[in-house]
Amino acid sequence: MLDEMVEIIKGDITALKVDAIVNAANETLLGGGGVDGAIHRASGPRLRAECAMAGGCPTGFAKLTEGYDLPARFVIHAVGPVWRGGEQGEDEALASCYRTAMALAEEHRIDSIAFPCVGTGAFGFPLERACGIALSEIFRALDEGSRVKQVYCVCFSDEDLEVYQKVLATFGQ
Ligand code: AR6
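Residues numbered from 1 in each chain as written. Predicted model: local features only at pLDDT ≥ 70, side-chain atom pairs only at ≥ 80, totals over all residues. Heavy atoms only, no water.

Draft legend 1. Quick peek at the pattern of salt bridges. On inspection of all chains with the given rule, the structure shows nine salt bridges. Put simply, Glu-92 and Arg-99 hold a salt bridge, and the shortest N to O gap is 2.5 Å. Judged by relative accessible area, which is 35%, Arg-99 ranks as partly exposed. The closest approach of N and O atoms between Glu-137 and Arg-140, which form a salt bridge, is 3.1 Å. Of this pair, Glu-137 and Arg-140 both sit in helix α4 (residues 127–143), three residues apart, roughly one helical turn. Using a relative accessible area of 41% as the deciding quantity, one classes Arg-140 as partly exposed. When salt bridges that share partners are traced, they join Glu-92, Arg-99, Glu-137 and Arg-140 into one network. (Salt bridge = Lys/Arg side-chain N within 4 Å of Asp/Glu carboxyl O. Buried < 20%, exposed > 50% of the residue type's maximum accessible area, 1.4 Å probe, protein only. Helix = DSSP H or I, 4+ residues; strand = E, 2+ residues; numbered from the N terminus.)

The following block contains the structure:
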């Protein structure tokens, strides 16, 4: 059942022991605030060193690194769009982040993956709209026969959790 494969949870993504956690990065991949800062702090300096070798990443795409000191084996650094009102290709860029991350998971034989609410913090993407895009792309990948067995959508606040659960309920899986 697809709905059992997707769980909305509240917590700190850096603490999760999954095959891969997704980072909400920026094009430099060199770290920043929010979940990006938390992941770099928890993973240690070797993560920044590997990211520095990666040569950045365009908006709407993602790159995979080792997890180093994290409980997760890999980090998938996804670069969400900066929200500019919704008419500048933001929806497609966010969808592409999720598609790229799920494709990388497939390529690296990842069974379990955890996503934060990419784009909805510093980059300002409206949360409810972002949740709809995230869940559409995640369900699409699972529906297409992804080998991923468990997807966690990790919310950092009760408010985010409530919105995510509301949006999930509209999917009627
Ligand atoms: N675990 C799970 N979610 C978290 C955590 C955590 N430890 N910490 C924050 N969040 P943001 P963006 C949530 O701003 O909007 C950075 O500076 C947070 O509450 O981290 O994609 C990067 O370097 C929010 O719901 O990412 C970029 O420059 C979500 O993670 C820029 O911010 C995403 O918020 C990216 O902005």
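Read on for the rest.
Draft legend 2. Structural view of the site of the ligand. Not every one of the 22 residues close to the ligand is listed here, only the nearest: Gly-33, Asp-36, Gly-119, Gly-121 and Ala-122. Between an oxygen atom of the ligand and a main-chain N or O atom of Val-35, the distance comes to 2.8 Å. Interatomic distance of 2.8 Å between a backbone N/O atom of Gly-119 and an oxygen atom of the ligand. Within the complex, 88% of the 700 Å² of free accessible area of the ligand lies under protein. For the shell around the ligand, the elements supplying multiple residues, two or more each, are β2 (20–25) and α1 (34–43). Of the residues forming the shell around the ligand, the biggest block, four residues, is contributed by α1. Of the residues contributing to the shell around the ligand, the split by class is ten nonpolar, nine polar and three charged. (Near = heavy atom within 4 Å. Polar contact = N/O pair within 3.5 Å; in protein donor to acceptor, adjacent residues only side chain to side chain. Areas by Shrake-Rupley, 256 points an atom, 1.4 Å probe, with all protein chains shown as cover. Nonpolar A, V, L, I, M, F, W, Y, C, P; charged D, E, K, R; others polar.)

Draft legend 3. Seen up close, helix α5 (residues 158–169). For α5, built from twelve residues, the straight-helix expectation of 16 Å at 1.5 Å per residue is met to within 8% by its first-to-last C-alpha distance of 17 Å. Of the residues making up α5, those classed as buried are Asp-160, Leu-161, Val-163, Tyr-164 and Val-167. On an axial view of α5, the arc spanned by its buried residues comes to 165°, and they lie on one face. Turned more than 90 degrees off the buried face of α5, the exposed positions are Glu-159, Glu-162 and Ala-169. Buried residues in α5 make contact with β1 (6–10), α3 (90–107), α4 and β6 (150–155). (Expected span 1.5 Å × (residues − 1). Arc of directions from axis to C-beta. Contact = heavy atoms within 4.5 Å.)

Draft legend 4. Broad picture of the packing of α1 against helix α2 (residues 45–54). Where α1 meets α2, the closest approach of the two axes is 6 Å, and the angle between their N-to-C directions is 120°. Together, Ile-39, His-40 and Ser-43 of α1 and Leu-47, Arg-48 and Cys-51 of α2 make up the contact between the two elements. Along the lines of polarity and charge, the residues of the contact of α1 with α2 split into three nonpolar, two polar and one charged. (Axes fitted to C-alpha atoms, helices over the stretch in contact; angles between N-to-C directions.)

Draft legend 5. Layout of unusual backbone geometry. Here Tyr-68, not a glycine, exhibits a phi torsion of approximately 50°, which is positive. For Tyr-68, the location among the structural elements is in the loop between β3 (62–66) and β4 (74–79). A positive phi is found at Arg-109, a non-glycine position, where the angle reads about 55°. Position of Arg-109 among the secondary structure elements: in the loop between α3 and β5 (112–115).

Draft legend 6. Layout of the environment of Met-1. Mapped onto the fold, Met-1 is located in the segment before β1. Since its relative accessible area comes to 68%, Met-1 is described here as exposed. Put simply, Met-1 and Ile-21 are 20 residues apart on the chain and 22 Å apart in space, counted from C-alpha to C-alpha.

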